[in-house]
Amino acid sequence: MLDWEQVRARANGDGEFRIHARFWNSRIRLRIGERRYQMVVDSGEIVSIDRWYRGTACDLAIMAPEEDWEAMLASVPRPFYQDLYPATLHHGFDVAGDIGHYCAYYPAIRRLIEVMRDVRNGIEESAA
């Protein structure tokens, strides 16, 4: 679905993500349909995104059917797919884990999804 190495590199090079993610230390589980991934963030840097096969503890889990992820990552998302919060209220997304952790780093999560959308749609990084 995504080139995860490109997502990692783009997020780590994205000023907006890095500002919002500073001080963030986390294990995030992403479930896209039946596929599961684990993202490790250390001091605001994504150090790895790997397939996840076991019951390793995580701080946050973001889960949805593949069709919902496809809609979220569309170049122009339909209503309520533009952002994670309304997608959990109106569509098949679910977020589990430490709610304080989720709220504190929501801007970083939101920017990460925007980076994922750009990678998914082949949108090049803008020159700064």
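Residues numbered from 1 in each chain as written. Predicted model: local features only at pLDDT ≥ 70, side-chain atom pairs only at ≥ 80, totals over all residues. Heavy atoms only, no water.

Draft legend 1. Region of interest: helix α6 (residues 106–120). Here α6 is 15 residues long and its end C-alpha atoms lie 21 Å apart, about the 21 Å a rise of 1.5 Å per residue gives. By the burial criterion, the buried members of α6 are Tyr106, Ala108, Ile109, Arg111, Leu112, Ile113, Val115, Met116, Arg117 and Val119. Among the residues trailing α6, glycine 122 stands out with phi positive, at a value near 70°. (Helix = DSSP H or I, 4+ residues; strand = E, 2+ residues; numbered from the N terminus. Expected span 1.5 Å × (residues − 1). Buried < 20%, exposed > 50% of the residue type's maximum accessible area, 1.4 Å probe, protein only.)

Draft legend 2. Focus on the packing of aromatic side chains. For the structure on display, the rule yields five aromatic pairs. Where phenylalanine 17 meets tryptophan 24, the ring centres are 6.4 Å apart and the plane angle is 55°; that geometry is what we call tilted. Assigned by exposure class, phenylalanine 17 and tryptophan 24 land together as buried. Judged by centre distance (5.5 Å) and plane angle (80°), the rings of tyrosine 102 and tyrosine 106 are edge-to-face. Considered together, tyrosine 102 and tyrosine 106 belong to a single accessibility category, that of buried residues. Members of the aromatic cluster, joined through ring pairs, are Phe17, Trp24 and Tyr105. (Phe/Tyr/Trp six-rings, centres within 6.5 Å; stacked < 30°, edge-to-face > 60°.)

Draft legend 3. Main features of empty space enclosed by the protein. Evaluation of the coordinates by the stated rule reveals one cavity of 30 Å³ or more. Roughly 60 Å³ of internal volume is contained in the largest cavity. Lining the largest cavity are Trp24, Ile28, Leu30, Ile62, Trp69, Ile109, Leu112, Ile113 and Met116. At four residues, α6 tops the list of elements feeding residues into the lining of the largest cavity. By residue class, the composition of the lining of the largest cavity is nine nonpolar, no polar and no charged. (1 Å grid on protein atoms, 1.4 Å probe; cavity = no way out; pocket = protein on both sides within 12 Å on 5 of 7 lines; lining within 4 Å. Points joined across faces, edges and corners; volume = space filled by probe spheres on them. Nonpolar A, V, L, I, M, F, W, Y, C, P; charged D, E, K, R; others polar.)

Draft legend 4. A look at the nonpolar core. Ranked by internal contacts, the top residues of the largest apolar core, which has 36 residues, are Trp4, Trp24, Trp69, Leu84, Phe93 and Met116. A total of eight residues in this core trace back to one element, the largest contributor, which is α6. Not counting chain neighbours up to four residues away, the residues in contact with tryptophan 24 comprise Phe17, Val41, Asp42, Ser43, Gly44, His101, Tyr105, Ala108 and Ile109. (Core = buried A, V, L, I, M, F, W, Y, C linked by side-chain atoms within 4.5 Å. Contact = heavy atoms within 4.5 Å.)

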